[in-house]
Amino acid sequence: MKLHCIARLLVPFMVAGGALAADEIPKAALEDARKASTELVTNVRSELLKAIDASGPLRAIVVCKYTVPEIASAISRKYGARVTRVSLTPRNPSLGWGDAWEQKVLMDFDERVARGEKADVLEHAEIVNEPSGRFLRYMKALPMVAPCMHCHGPTEQISAPIRQQLTHDYPHDKATGLVLGRVRGAVTYKKPL
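Since the structure is predicted, the reported quantities are computational estimates derived from the model, not experimental observations.

1. What to know about the packing of aromatic side chains
Part 1: Within the structure shown, the criterion is met by 0 aromatic pairs.
Part 2: The ring of tyrosine 170 carries lysine 65 above its face, with NZ or CZ at 5.9 Å from the centroid.
Part 3: Lysine 190 extends its terminal NZ or CZ atom over the ring of phenylalanine 135, reaching a point 4.5 Å from the ring centre.

Now the structure itself:
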C-alpha cells in the first residue's frame, strides 16, 4: 500500500457525527450514500413491522431471509452501489459478514457506544483506494430496537417457536443475545468513484 493511501486512512476528521477521510468526499456522493442507507432502513423496517403486525414475530424471519435481500438488491441497482447490511454477529454469514474495512468500522461503532455515544447517530465515510479502484465507503449504524428483540434479544427471552425456526434456517446464527441501544450492525454503501 502506498504511503499516501495509509496517510488518508490515518487522518480522519469529524463531520456530522462520523469520521470522514482527509480526501474530501463529494457532497452529492455522500448525500446519495445517506439516502440509500435511509431508504434501505425505512423499507426493511416497514416490511418487518407489517409482517409482525399481520402474523406475529415468527413471520419476521421470512422477511429477513427473503425480502430484505431483494430490497437491498433493488436499492443497490438504483444507486449503482453495493448497499446492504453487515454485522459482527451475523445471522447469515454468507450475506451479513462484513469485509475487513466494514468490520473495523463496526468495532469502532461498538467502542463509541461503550463510551456513551448513541448508536442511532453513528456514521462513517471515507474515500478508500483498493486494488480494484477508488471507492466511497459509507456506513450507518443500526441500533438494536424493540421490534428486533423478538429474534435478536437474549436467547432466554426469545420464544421457543422463533428459536426453533432460527436453528432450522440459520445453524450458524450469531445474532442473538443483543441489548437495546447497542449496535446491531450497519448499513454499508460502497460505490466506485
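2. Describing the nonpolar core
Part 1: Core analysis: the largest hydrophobic core is formed by 26 residues, its most contacted members being Leu40, Ile75, Val83, Leu136 and Tyr189.
Part 2: Elements with a minimum of two residues in this core: helix 2 (27-55), helix 3 (58-79), strand 4 (123-130), strand 5 (133-143) and strand 6 (183-192).
Part 3: Residue contributions to this core peak at 9 residues, all from helix 2.
Part 4: With near-sequence residues (within four places) excluded, isoleucine 75 lies in contact with Ala36, Glu39, Leu40, Asn43 and Val83.
Part 5: Core analysis: the second largest hydrophobic core is formed by 13 residues, Trp101, Leu106, Ala119 and Ala141 among them.

3. Remarks on the packing of helix 2 against helix 3
Part 1: Where helix 2 meets helix 3, the closest approach of the two axes is 10 Å, and the angle between their N-to-C directions is 155 degrees. Put simply, helix 2 runs roughly antiparallel to helix 3. Judged by the sense of rotation from one axis to the other, the crossing of helix 2 with helix 3 is right-handed. Contacts from Asp32, Lys35, Ala36, Glu39, Leu40, Asn43, Val44, Glu47, Leu48, Ala51, Ile52 and Ser55 in helix 2 reach Arg59, Ala60, Val63, Cys64, Thr67, Val68, Ile71, Ala72, Ile75, Lys78 and Tyr79 in helix 3.
Part 2: Partitioning the contact of helix 2 with helix 3 into residue classes produces 14 nonpolar, 3 polar and 6 charged.

4. Considering helix 7 (residues 160-169)
Part 1: Here helix 7 has its buried residues at Ile162, Leu166 and Asp169. Burial along helix 7 is one-sided: seen end-on, the buried residues are contained in an arc of 75 degrees. Among the exposed residues of helix 7, those oriented more than 90 degrees off its buried face are Gln164, Thr167 and His168.

5. Here's the deal with the pattern of salt bridges
Part 1: Under the counting rule described, the total for this entry stands at 14 salt bridges.
Part 2: For glutamate 130, the salt bridge goes to arginine 137, with nearest N and O atoms at 3.0 Å.
Part 3: Judged by its relative accessible area of 0%, arginine 137 is buried.
Part 4: The closest approach of N and O atoms between lysine 190 and glutamate 130, which form a salt bridge, is 2.8 Å. Here lysine 190 is found in strand 6, whereas its partner glutamate 130 is found in strand 4, with 60 residues between them in sequence.
Part 5: Three or more residues joined by partner-sharing salt bridges are found here, namely Arg82, Asp99, Glu102, Glu130, Arg137 and Lys190.

6. Notes on helix 5 (residues 100-114)
Residues spaced three or four apart along an α-helix face the same direction, because each turn holds 3.6 residues.
Part 1: Helix length check: helix 5, at 15 residues, gives a terminal C-alpha distance of 21 Å against a target of 21 Å (1.5 Å per residue), a fit within 8%.
Part 2: The complete set of buried residues in helix 5 reads Trp101, Glu102, Val105, Leu106, Phe109, Arg112 and Val113. Summarising the axial view, the buried residues of helix 5 lie within an arc of 130 degrees, below the 170-degree limit, and thus occupy one face. Exposed residues pointing more than 90 degrees away from the buried face of helix 5 are listed as Ala100, Lys104 and Ala114.
Part 3: Capping of helix 5 at its N-terminal end is provided by aspartate 99; its side-chain oxygen lies 3.2 Å from the backbone amide nitrogen of tryptophan 101.

What counts and how
Residues numbered from 1 in each chain as written. Predicted model: local features only at pLDDT ≥ 70, side-chain atom pairs only at ≥ 80, totals over all residues. Heavy atoms only, no water. Phe/Tyr/Trp six-rings, centres within 6.5 Å; stacked < 30°, edge-to-face > 60°. Lys NZ or Arg CZ within 6 Å of the ring centre and 35° of its normal. Core = buried A, V, L, I, M, F, W, Y, C linked by side-chain atoms within 4.5 Å. Buried < 20%, exposed > 50% of the residue type's maximum accessible area, 1.4 Å probe, protein only. Helix = DSSP H or I, 4+ residues; strand = E, 2+ residues; numbered from the N terminus. Contact = heavy atoms within 4.5 Å. Axes fitted to C-alpha atoms, helices over the stretch in contact; angles between N-to-C directions. Parallel < 35°, antiparallel > 145°, perpendicular 65-115°, else oblique. Left-handed = near helix turned anticlockwise from the far one by under 90°. Nonpolar A, V, L, I, M, F, W, Y, C, P; charged D, E, K, R; others polar. Arc of directions from axis to C-beta. Salt bridge = Lys/Arg side-chain N within 4 Å of Asp/Glu carboxyl O. Expected span 1.5 Å × (residues − 1). Polar contact = N/O pair within 3.5 Å; in protein donor to acceptor, adjacent residues only side chain to side chain.

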